[in-house]
Amino acid sequence: EIDALCQSAGCNAYIVGGAVRDYFLRMDSCDMDIVIEGNGMIFAKSLGEKLNYIVKTYEPFLTATMQLPSGQKIDFITSRKEVYLKPAALPIIIPAGLIEDLKRRDFSINSLAIQLNGRDKGRFYDLFGGLQDLKDKKIRILHDDSFLDDPTRIFRAVRYAVRLDFKIEKHTKSLIAKALAEKAVASLSSERLSNSFLSVLSEEKTAICMEELNRLGVLAEIFLQGSFSINELRKMDDDKIIRYNVLFESPGISCDPVLLKLLLFFFPCSLSDWQSIKRVLSFDKKYSHCVLQMIEYREKFMDTLQQSHLSPAEVYQLLRPLYTEVILCLLLACDHLQIERYCMMFLLDSQHIKLHVTGKDLLNLGIKPGEIYGIILKQVLAAKLDHKIVTY
Ligand code: CTP
């Protein structure tokens, strides 16, 4: 279909970026980027109509996204040149040929392309020695101003290096240092900085990425010393988490791993630290609310839950207001057997216990409706949790 559409629209199509890189590395790639030498949005819409797939267009970026029934996405990008008028700001996009489009990219390993149409179908483009860098396991930037133009690439360099087990090449590393010295990261908008930060939390080996970002001096540019902890993040490492598989694999417990990592990372954060962090990073409502909840409950939780005499109903009262991710964060960070026992009990058992008695039953018993209903139902639930009620 792509070939035929290219012919009728008079354009060329290429797979570029992550999918080509991962193909050579024999790794699975979720999404795919297709660069169109021509109008990427019109091309994607026509293809979507032919195949009956949903396509969304993003006019200002000259791109479109096609949603496949499998859940995968294909991005169609109008091949372009990018002009940066101001460091760290979004570039101006000017439609251009494939070569310009490959030149504007971040790293050599992401600048490989394969043509999808015409006589040159299958032709492989490697303008910057990307294939050799894949073999040498190197992350190499394409031009010296790249990190100043787009400092989010510093995070990307670290993510790729850790994910693929590559090294950031020497000159590239020195350019990161130069960009940091020029306060490039600090000049990113809070939205772009937050997205870069969250994309690190989405990586499997987040703690190792953060260690590298810390070594490079990136974290010191963003956070106050003592407001974050890489050690707490390490508790999400695979070998440590195995102990809690019963929780993470339980169908009754849903956990957003990015949120949990965010909470662990900010575990030592004080309320005033958090207020300063929110001036440079912006998170959605739930994420912010969870961090605040974690900060509020941290001390209270640690002190109270270390006691060994709490009944299931008391534990239930303490943990019920918390998001699952906050409970898991406190459980992992506290690393205390008694706390672990209480959290496990709540997450795996107590929180799923339902009351079968309702207000209607109380009415049938002749009790006048009012505040008393809430009190009675709460006490019945407490008795049930503490196994003082046997149900038949
Ligand atoms: N890209 C870039 N600079 C950026 C972001 C993206 O040059 N700041 C280019 C790279 O060529 C990259 C492509 O756009 O390969 C697609 O970006 P993205 O989807 O973020 O990365 P992938 O390479 O697909 O890698 P992955 O999704 O596996 O992280």
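The structure we're discussing is the one just above.
Residues numbered from 1 in each chain as written. Predicted model: local features only at pLDDT ≥ 70, side-chain atom pairs only at ≥ 80, totals over all residues. Heavy atoms only, no water.

A. Region of the structure containing the overall build of the chain. Within the chain, the regular secondary structure consists of 22 helices and 11 strands. Each principal axis of the C-alpha distribution contributes one length, and for the chain these read about 85 × 50 × 35 Å. For the chain, long-range pairs separated by at least 24 residues make up 67% of all intrachain contacts whose partners lie at least 6 apart in sequence. Accessible surface computed for the chain: about 20300 Å², of which carbon and sulfur atoms make up 53%. Averaging the locations of the 50 positively and 50 negatively charged side chains of the chain gives two centres separated by 1 Å. (Helix = DSSP H or I, 4+ residues; strand = E, 2+ residues; numbered from the N terminus. Contact = heavy atoms within 4.5 Å. Areas by Shrake-Rupley, 256 points an atom, 1.4 Å probe, with all protein chains shown as cover. Lys, Arg positive; Asp, Glu negative; His and termini not counted. Charge placed at Lys NZ, Arg CZ, Asp CG, Glu CD.)

B. A look at the site of the ligand. Around the ligand, the surrounding shell holds 14 residues, and the nearest of these are Asp33, Arg105, Asp106, Asp150 and Arg163. Between the ligand and Arg105, the relevant distance is 2.9 Å, taken from an oxygen atom to a side-chain nitrogen or oxygen of the residue. Separating an oxygen atom of the ligand from a backbone N or O atom of Asp106 is a distance of 2.7 Å. Out of a free accessible area of 560 Å², the ligand has 72% covered by protein chains. Residue assignment for the shell around the ligand shows that the elements contributing at least two residues are helix 2 (18–24) and helix 7 (152–164). Element by element, the count of residues in the shell around the ligand is highest for helix 7, at six residues. Split by residue class, the shell around the ligand holds one nonpolar, four polar and nine charged. (Near = heavy atom within 4 Å. Polar contact = N/O pair within 3.5 Å; in protein donor to acceptor, adjacent residues only side chain to side chain. Nonpolar A, V, L, I, M, F, W, Y, C, P; charged D, E, K, R; others polar.)

C. Representation of the pattern of salt bridges. Applying the stated criterion to the full structure yields 23 salt bridges. As a salt-bridge pair, Glu82 and Arg104 come within 3.3 Å of each other at their nearest N and O atoms. Placement of Glu82 in strand 6 (residues 80–83) and of Arg104 in the loop between helix 4 (98–103) and strand 8 (113–115) is noted, with a sequence separation of 22 residues between them. Taken individually, Glu82 and Arg104 each receive the classification buried, so the pair is uniform in this respect. One salt bridge in this structure joins Asp106 and Arg156, with 2.8 Å as the shortest N-O distance. Of the two residues, Asp106 sits in the loop between helix 4 and strand 8 while Arg156 sits in helix 7, which places them 50 residues apart along the sequence. (Salt bridge = Lys/Arg side-chain N within 4 Å of Asp/Glu carboxyl O. Buried < 20%, exposed > 50% of the residue type's maximum accessible area, 1.4 Å probe, protein only.)

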